[in-house]
Amino acid sequence: MKSKDDKTVEVFENAPVPKAVFINIIPSVVSMLMVLVYNLADTYFIGQTKNPYMVAAVSLATPAFLFFMAVGMLFGIGGTSLISRMLGQGRKKEARNACSFCFWTGTAIGVLGMAVILIAINPVCSLVAGDVTQETVAYVKQYLMIVALGVPFLVIGNMFSSIIRAEGKANKAMMGMILGNVANIILDPIMILLFGWNVAGAAVATVIGNVLSAVFYIAHFLSGKSILSISPKEFKAGGKIASGVMAIGIPASMNSILMSTSNVLVNRLMSVHGDMAVAGLGVAMKVNMVAVMLLIGVGTGIQPLLGYNFGAGNRKRFLGLLRFSLFFAVALSLVMSVLCYLGAGPMVNAFIEEESAYGFGMQFARTLIISGPVLGILFVMINTIQAMGAAVPSLILSISRQGLLYIPVLFLFNGIFHSAGTLVIAQPVTDYLAVALSIILSIVSFRKYFTEKKAGDVL
């Protein structure tokens, strides 16, 4: 009988390319679907209060939430890239050290983040809220005060939903995500509507969901069924472990941090056009997430496969996996773009009914999906670069999409046109520029890193 390690190796090294890809991306896509449903459920049930100021408040609070998701991504994606390459090279001891390093360091930062929000809640609210009404600001503060309590668990959940895939347990990673998100979805209507807790109810449901996911992943490692470890005895930052995690983790998390920053900026610029414009933008972003989250799932699903084969030096299989993944991602991008464009009206209406907010939401949703057809390419290329451990190209791409490209385009459009609609167009324009950049960087990275790679190296 084959051991669990043998089964993992069989899929990563020898399974037919389509089978290997689908075995890894299906759980990842399902996980992203659950994240999507959770995000939609929060907005949907808040929308059932018929209070657009609450919808606006949840949208405004999202950037603070994204910042700490970025910490989980730092150790999750950085750890996944390093660990999958180590396992491809047969370095299981170092992989266990890297996993423990990610857990303890990430958790410590999560606890620190919780303390910062609770202590500095007023400055944080002022930062994310912009020029909206005091009624909206009060809801933002109420939401963040509660969500802050779950920050350490949010970091752990986001971290291990990636790292567990590095050991070939994509289904286990998916189950942890499903557990937390299903709990959140079930609790939302109970706490928001039945208990009448409104925004506070959404926050409590979110915290409980994050706790359940984190506990599930921790239990997996403590069960002894994992080839990785979170034991403090295995903790090690030296031996290029910390630098290896940070080399890819920081660029990956920078994308999320810059996304948080850009969301704050666009919300502040949009607030000039009124609270209903902010609410409409928040709902439009939720609609756009239907396509985005599925495509992110494809990209993150293939990263362990690519990383393992990069570590093993299997150039032919690496390219085969990449070609098939790109074909599938493009096909899915086209289908989801059409569905989101045609279904924008009903989806926006499900979250918000106030006439002016609905008008903004409908317009913004159809504008954002313009970049849908190429987003699959972008997310596959991002994860390809990360899988190769190409730190500099990964950093360039991460700071470009939501920073060096998006922010100048956003302010340029705002300065020239001075309208709510043109603010939203900045994102699709940036996405097309980012796709072109990602293709160039992927080609450069492949030629450089496969040429320079030597047996036993961890880049």
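To start, this report covers the structure provided alongside it.

The rules behind these values
Residues numbered from 1 in each chain as written. Predicted model: local features only at pLDDT ≥ 70, side-chain atom pairs only at ≥ 80, totals over all residues. Heavy atoms only, no water. Helix = DSSP H or I, 4+ residues; strand = E, 2+ residues; numbered from the N terminus. Rg over C-alpha atoms; globule rule 2.2 N^0.38 Å. Contact = heavy atoms within 4.5 Å. Patch = residues over 30% accessible without salt bridge, like charges linked within 9 Å, V, L, I, M, F, W, Y side chains within 5 Å. Areas by Shrake-Rupley, 256 points an atom, 1.4 Å probe, with all protein chains shown as cover. Salt bridge = Lys/Arg side-chain N within 4 Å of Asp/Glu carboxyl O. Core = buried A, V, L, I, M, F, W, Y, C linked by side-chain atoms within 4.5 Å. Buried < 20%, exposed > 50% of the residue type's maximum accessible area, 1.4 Å probe, protein only. Phe/Tyr/Trp six-rings, centres within 6.5 Å; stacked < 30°, edge-to-face > 60°. Axes fitted to C-alpha atoms, helices over the stretch in contact; angles between N-to-C directions. Parallel < 35°, antiparallel > 145°, perpendicular 65-115°, else oblique.

1. Regarding the overall build of the chain
Consideration 1: Counting secondary structure elements, the chain contains 18 helices and zero strands.
Consideration 2: Since a compact globule built from 459 residues should have a radius of gyration of about 23 Å, the 21 Å found for the chain is in line with a globular shape.
Consideration 3: Taken along the three principal axes of its C-alpha coordinates, the chain extends 60 × 40 × 35 Å.
Consideration 4: Restricting the contact set of the chain to residue pairs at least 6 apart, pairs at least 24 apart contribute 85%.

2. Here we look at a nonpolar patch on the surface
Consideration 1: Where nonpolar side chains cluster on the molecular surface, the patch consists of Leu 118, Ile 119, Met 145 and Leu 149 and spans about 370 Å² of accessible area.
Consideration 2: Mapping Leu 118 onto the fold places it in helix H4 (residues 92-119).

3. Concerning the nonpolar core
Consideration 1: Core analysis: the biggest nonpolar cluster contains 142 residues, and Ile 83, Phe 160 and Met 270 have the highest contact counts within it.
Consideration 2: Residue contributions to this core peak at 21 residues, all from helix H11 (residues 275-311).
Consideration 3: With sequence-adjacent residues up to four places away left out, Ile 83 is seen in contact with Ala 95, Ala 98, Cys 99, Ile 163, Ala 166 and Leu 228.

4. Let's talk about the pattern of salt bridges
Consideration 1: According to the stated counting rule, one finds four salt bridges in the structure shown.
Consideration 2: Salt-bridge contacts for Glu 94 lead to Arg 91; the nearest nitrogen and oxygen are separated by 3.4 Å.
Consideration 3: Residue Arg 91 is classed as partly exposed on the basis of its relative accessible area of 23%.
Consideration 4: Across the pair Glu 234 and Arg 96 runs a salt bridge, and its minimum N-O distance is 3.0 Å. Of this pair, Glu 234 sits in the loop between helix H9 (199-222) and helix H10 (241-270) while Arg 96 is found in helix H4, placing the two residues 138 residues apart along the sequence.
Consideration 5: Where salt bridges share partners, they join Lys 93, Arg 96 and Glu 234 into one cluster.

5. Structural notes on the side chain of Ser 325
Consideration 1: Relative to the assigned elements, Ser 325 resides in helix H12 (residues 315-342).
Consideration 2: For Ser 325, a relative accessible area of 1% puts it in the buried group.
Consideration 3: The residues touching Ser 325, leaving out its near neighbours within four places in the chain, are Val 21, Ile 302 and Val 380.

6. Looking at unusual backbone geometry
Consideration 1: Positive phi is not limited to glycine here, since Asn 198 has a value of about 55°.
Consideration 2: Topologically, Asn 198 is positioned in the loop between helix H8 (170-194) and H9.
Consideration 3: Phi at Lys 240 is positive, roughly 65°, even though this residue is not glycine.
Consideration 4: For Lys 240, the position within the fold is in the loop between H9 and H10.
Consideration 5: A relative accessible area of 65% places Lys 240 in the exposed class.

7. Concerning the packing of aromatic side chains
Consideration 1: Applying the stated criterion across every chain yields a total of 13 aromatic pairs.
Consideration 2: Their ring planes at 70° and their centres at 5.0 Å tell us that Phe 12 and Tyr 308 sit as a pair that is edge-to-face. With Phe 12 in helix H1 (residues 4-14) and Tyr 308 in helix H11, this pair connects stretches of sequence that are 296 residues apart. Comparing Phe 12 with Tyr 308 shows no difference in burial state: the two are buried.
Consideration 3: On the basis of an interplanar angle of 25° and a centroid distance of 5.9 Å, the ring pair of Phe 318 and Phe 446 is categorised as stacked. Of the two residues, Phe 318 is situated in helix H12 and Phe 446 in helix H18 (residues 420-452); the sequence distance between them amounts to 128 residues. Each member of the pair Phe 318 and Phe 446 is classed as buried.
Consideration 4: Taken together, the ring pairs in this structure connect Phe 103, Trp 104, Phe 160 and Phe 221 into an aromatic cluster.

8. Overview of the packing of helix H16 (residues 391-404) against helix H17 (residues 406-417)
Consideration 1: Interaxial distance between H16 and H17 falls to 5 Å at its minimum, and their mutual angle equals 15°. Looking at the two axes, H16 sits roughly parallel to H17. Facing H16, whose interface residues are Ser 400, Arg 401, Gln 402, Gly 403 and Leu 404, H17 presents Tyr 406, Ile 407 and Pro 408.

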